[in-house]
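Reading the structure
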Amino acid sequence: MHNSVQNRFLAIVCGALLLFVAPLFVLFLFLSSERADKEIRDHISVLLVANAQALAKPLWDLDDDSVAQISATVVSQGAIVKVQVRDQSGQLDVTQSTIPKSFRGELIQVSRAIIYNTVDGPKNLGTISVFYPALGLFGGLKHEEIVFMAIFVFAVLTVFSAALIGNRIFVIRPLMRLIAAIEATGQLGSRHHVDWRSNDEMGRLASSFNEMQSKLESEERELKLAHRRAIDIYDLTPAMLFSLDEENRITAVSDYWLFATGYLRRDVIGKRFIDLVTAETRDIFLDRNTRSDSAAASGVTVKFICANGRLMDVLILESKAATGGHDLLSLSVMTDVTELKASEARNHQQAISDHLTGLLNRQGFEAVLDRKIHQADQTGNELACLFVDLDRFKWINDNLGHAEGDNALREFVERLKMHLAPSDEAARLGGDEFAILLPAKDAVRRATAMAEQIASVFHDPFGSDLHLSASVGIAIYPHHAMNAAELLQKSDMAMYAKKRDGKNGAQLFDNSMLDHARARAEIETCIETGLSENWFDAYLQPIVNLNGRGIAGFEALMRLNHPQKGLMAPADIIEVAEETSRIVRVGNVIMEKAISHLARISRLPGMQDSYLAINFSPLQFEAALPARLASLLGRHGIRPERIVVEITEAVLMHNNPEIRTIVGEIRRFGCRIALDDFGTGYSSLSYLNRFPVDIIKVDQSFTRSINDANEGVRQKSRTLVESITTLSHKMGCAVIAEGIETEDECRTLHDMGLDFGQGYLFHRPQNADRLIEILADATPVVARAS
């Protein structure tokens, strides 16, 4: 340290001399030399300008003598010792020199271009160069300048000597102490202070240094404490924390991370994190920063491989922050979401599955259908869609209960699964409707075979003597449809076509079904427009007493009178209205108009006691029906006993307590109940016992067969009609025969004891205006159906 301080002291003194005195001295010499050199250059510059002009013409003419003469004149001027003239082409090179052979000094060259003005403009012909000896530092000094320099050097040395002594006392000594404190701090690791006090700048420097040392000492203690706390928090936090560098290598992990994954810290520090995740999720992890700002938190879910090989679904949230340089500080938290992912998978499966059968539901089927169509496009296969609807399933729910219906559905699915291939997909779309997807090269053949297998599952009964069947509609992609929605729609259309043709079988879609669908859509439009435009009307067909042919009452029949098409077939309209539930609105319109027509007919002579029979759909038996019927009768002044409510077996088969209650209220109100189309369907006698029936209407199929040419058919039909009549009379019910068209039929039915009849033999259905005209011209004999 002593030698270093002494060397620095000497260096300061020498440096001061070199930095201040020597440069000033050299500068003075240099300026003096420059002054002398400038005087020479100014003189030479004037000579060059004049002689360059003088040389232009001779040089243009390549006149060697003239050039040599002018050069000799120049070289004799002042300090010039050499002149050289050259043209651009190199043909002329004249040099004049007065340099003695003993000269070893440096020559300074000054050149100027020789320009000659021609008709074509200025031309550069060559150059003239002059040379003169370079002046030394002392070459330009005058006597007065030498004296001034001596005085200046003495004064500078005196001032610097005093400065060196003061610097040694007031600067070097405190700086030595400051250096000693700094070196002690760096070597010993503790904060040392400078023992120096004075009122000058060095004193303030020492004081500031001591204060800084005290403050740094306090901050170091706080940083060490904060670092210790941060490490403790990092390790003690019950979360899987880890940090990565820019190359995704692990730089730190928390104790909880090690506990949850089973790794040792020495085994994972420095290891690439992607080596700890499954191959299929590595790209997801590596792409995490491309989906979000690098400085913001980003989250990805990957499959992590634990130390024991167990796979764990983990959600990684990573935050990065700049450290002030080019590096980023990374902190990530890893959360085990294995159970959550499993729960999501279960929830998704439940969302697309039918809870009763375990098959796909409609939502799941639609997703699978899109995927199957895409696969068919890629493999060049066809795709068959089978729409399956169970026949008579509603009857099971209504009569045996929903629990029995659910058991039947589960049993059907279990039998169906035995015939499905791994590539097939089956779904329950709702209720008793199912859909099956069959990919195949020849989808028609595969679908036909599957339809036969579906039919085979119904050979054995479902439960105790419970037999079912199914109507199957088949559509093929891409022959019948170009997308998923169209494929399902057309298989549905094919199924309904099979339903209309008698159920229990399979039907392949064809374009004629589109015509039927369009016709059905047209009927729907007509129904809706007819309701809003008042196209519906109640036609009336008289019901006569077979003994005397007097009119006992009228049956109201629905008719839709289209402005362009005229009267439309009522059967199609009723079928579509039943399917779309518009039958309730249509039935209410027909009921209102029929009662209004009866009120008008009642004003005719002899028609005061005639009754009106109105057909009701099962859907019309709403809680408000009795009140609506009572209101209409009260408005038109018609007694309730003149109204007959005709119900069909379909109403009775519902076995719905609400329908039974409504029918009972109508009966107690005073209206009578007629059982229509008796003899068709099941014709259970229990209906007559459970419902308050007043009139039995024998179906027209029996009327046509009582005089059949086949003896066996004729005898059976007459026996059945006679039995129905006898039984009905014993139960206090009147009997009406429908569809009488010939006198033989009328006579036979009268002889068999039937009470009333209706048909084309007596009257065709008429609108109210026409019927009133007919009745007004006749003298009717009225008989009461009691």
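In what follows, the structure referred to is the one given above.
Residues numbered from 1 in each chain as written. Predicted model: local features only at pLDDT ≥ 70, side-chain atom pairs only at ≥ 80, totals over all residues. Heavy atoms only, no water.

1. A word on the side chain of Asp389
The topology assignment puts Asp389 in strand 10 (residues 382-391). A relative accessible area of 7% places Asp389 in the buried class. Of note is the side chain of Asp389, whose polar atom sits 2.5 Å from the side chain of Lys499. For Asp389, the contacting residues outside a window of four places in its chain are Asp432, Glu433, Ser469, Ala470, Ser471, Met495 and Lys499. (Helix = DSSP H or I, 4+ residues; strand = E, 2+ residues; numbered from the N terminus. Buried < 20%, exposed > 50% of the residue type's maximum accessible area, 1.4 Å probe, protein only. Polar contact = N/O pair within 3.5 Å; in protein donor to acceptor, adjacent residues only side chain to side chain. Contact = heavy atoms within 4.5 Å.)

2. Looking at unusual backbone geometry
In this structure, Pro478 follows Tyr477 across a cis peptide bond, with omega equal to 10°. Along the chain, Pro478 turns up in the loop between strand 13 (469-477) and helix 13 (484-500). In this structure, Asn504 takes a positive phi of about 55° despite not being glycine. Secondary-structure assignment places Asn504 in the loop between helix 13 and strand 14 (505-508). The backbone of Arg549 shows a phi angle near 65°, a positive value even though the residue is not glycine. Residue placement: Arg549 occurs in the loop between strand 15 (536-545) and strand 16 (551-562).

3. Let's talk about the packing of helix 10 (residues 393-400) against helix 11 (residues 402-417)
Helices that pack against each other are described as a pair by the angle of their axes relative to one another and the distance between those axes. At a closest axis distance of 6 Å, the pairing of helix 10 and helix 11 adopts a crossing angle of 145°. Contacts between helix 10 and helix 11 pair Phe393, Ile396, Asn397 and Leu400 from the former with His402, Glu404, Gly405 and Leu409 from the latter. Broken down by class, the residue content of the contact of helix 10 with helix 11 amounts to four nonpolar, three polar and one charged. (Axes fitted to C-alpha atoms, helices over the stretch in contact; angles between N-to-C directions. Nonpolar A, V, L, I, M, F, W, Y, C, P; charged D, E, K, R; others polar.)

4. Side note on the environment of Met568
Along the chain, Met568 falls in strand 17 (residues 566-568). As a C-alpha pair, Met568 and Cys526 span 42 residues in sequence and 9.6 Å in three-dimensional space. Every residue in contact with Met568, bar those within four places of it in the chain, is listed here: Cys526, Leu560, His562 and Ile573.

Any functional reading would require information beyond the geometric quantities listed.
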